[in-house]
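# Residue-level structural notes
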Amino acid sequence: QLVESGGGLVQPGGSLRLSCAASENIRVIVAMGWYRQAPGKQRELVAEITSGGSTKYADSVKGRSTISRDNAKNTVYLQTNSLKPEDTAVYYCKVRTFMGRVYWGQGTQVTVSS
C-alpha cells in the first residue's frame, strides 16, 4: 500500500530525501507523514503534512527538514539537511484517510555516520 524509498548511509552534515508513494486504492488522504524509531526508543513524529498543505515538525528537525507532497501522485517527500548521528533511525511513512484509516509503510533505514 505504501512504498518508501531514499534511505541509506549518510555522513554527518549530509542530506537525504525520503519518498513514500501510496497506492491508488487509498482514497481521500487527509494527512501524510513521517515517523522514526531509533533502537530502544519509541516511534516519534518527524513531520506531517495535510491535504491542505499545513505542516507540523518535531522540534529536533525544525529548520533542517522539509515535508512536501504531490497530491496527484499520492506521494510525500521528506528532505532533511545537516543530518546528525541522532537522526539515525528507521523511518516510517504514515497515511491517514478521511474515514480515519491509518496505513504504515514497511520502514526505511537511515544511518548517519562517518
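Given the structure is predicted, the values throughout are model-derived calculations rather than measurements.

Before going further, it helps to spend a moment on the side chain of Arg36. Tracing the sequence through the fold places Arg36 in strand S4 (residues 29-37). Note on Arg36: relative accessible area 6%, which makes it buried. Reaching out from Arg36, the side chain makes a polar contact with the side chain of Asp87 at a distance of 2.9 Å. For Arg36, the side chain forms a polar contact with the side chain of Tyr91, separated by 3.0 Å. Excluding anything up to four places from it in sequence, Arg36 contacts Gln42, Arg43, Glu44, Val46, Ser60, Val61, Glu86, Asp87, Ala89, Val90 and Tyr91.

Bringing the environment of Thr97 into the picture now. Counting through the fold element by element, Thr97 comes out in strand S9 (residues 89-97). Once the C-alpha coordinates of Thr97 and Cys20 are considered, the two residues, 77 residues apart in sequence, prove to be 15 Å apart. In this structure Thr97 touches Ile26, Arg27, Val28, Ile29, Val30 and Tyr103, once residues within four positions along its chain are discounted.

The next thing to look at is the state of the cysteines. Two cysteines form a disulfide when their sulfur atoms are joined by a covalent bond. Using the criterion set out here, one finds 1 disulfide in the structure. Across the disulfide from Cys20 sits Cys93; the S-S distance is 2.1 Å. Across the S-S bond linking Cys20 and Cys93, the dihedral sits near -80°, which makes this disulfide left-handed. Of this pair, Cys20 sits in strand S3 (residues 16-22) while Cys93 sits in strand S9, placing them 73 residues apart in sequence. The same class applies to Cys20 as to Cys93, namely buried.

Attention shifts here to the environment of Gln106. Along the chain, Gln106 falls in the loop between strand S10 (102-104) and strand S11 (108-112). The sequence separation of Gln106 and Arg64 amounts to 42 residues, and the corresponding C-alpha distance is 24 Å. What Gln106 contacts, discounting residues up to four positions off in sequence, is Leu2, Glu4 and Tyr92.

With respect to the helices and strands, the residue Glu48 is situated in strand S5 (residues 44-50). In this structure, Glu48 is in contact with Ala31, Met32, Gly33, Ser54, Thr55, Lys56, Ile67 and Arg96, ignoring residues within four places of it in sequence.

Moving on: the nonpolar core. Leu2, Trp34, Val76, Leu78, Tyr91 and Val95 are the most contacted members of the largest nonpolar core, which totals 27 residues. For this core, the secondary-structure elements that each account for two or more residues are S3, S4, S5, strand S8 (75-80), S9 and S11. Residues in contact with Leu2, not counting those within four places in the same chain, are Cys20, Ala21, Ala22, Ile26, Cys93, Val95, Tyr103, Trp104, Gly105 and Gln106.

Under the counting rule described, the total for this entry stands at 1 aromatic pair. Where Tyr35 meets Trp104, the ring centres are 5.1 Å apart and the plane angle is 70°; that geometry is what we call edge-to-face. With Tyr35 in strand S4 and Trp104 in strand S10, this residue pair connects regions lying 69 residues apart in the sequence. Using a relative accessible area of 15% as the deciding quantity, one classes Tyr35 as buried. Assessed through its relative accessible area of 38%, Trp104 is described here as partly exposed. Over the ring of Tyr77 we find Arg17; its NZ or CZ atom is 4.1 Å from the centre of that ring. Taking the ring centre of Trp104 as reference, the NZ or CZ of Arg43 above it sits at 4.7 Å.

Rules behind the numbers
- Residues numbered from 1 in each chain as written.
- Predicted model: local features only at pLDDT ≥ 70, side-chain atom pairs only at ≥ 80, totals over all residues.
- Heavy atoms only, no water.
- Helix = DSSP H or I, 4+ residues; strand = E, 2+ residues; numbered from the N terminus.
- Buried < 20%, exposed > 50% of the residue type's maximum accessible area, 1.4 Å probe, protein only.
- Polar contact = N/O pair within 3.5 Å; in protein donor to acceptor, adjacent residues only side chain to side chain.
- Contact = heavy atoms within 4.5 Å.
- Disulfide = S-S within 2.5 Å.
- Core = buried A, V, L, I, M, F, W, Y, C linked by side-chain atoms within 4.5 Å.
- Phe/Tyr/Trp six-rings, centres within 6.5 Å; stacked < 30°, edge-to-face > 60°.
- Lys NZ or Arg CZ within 6 Å of the ring centre and 35° of its normal.

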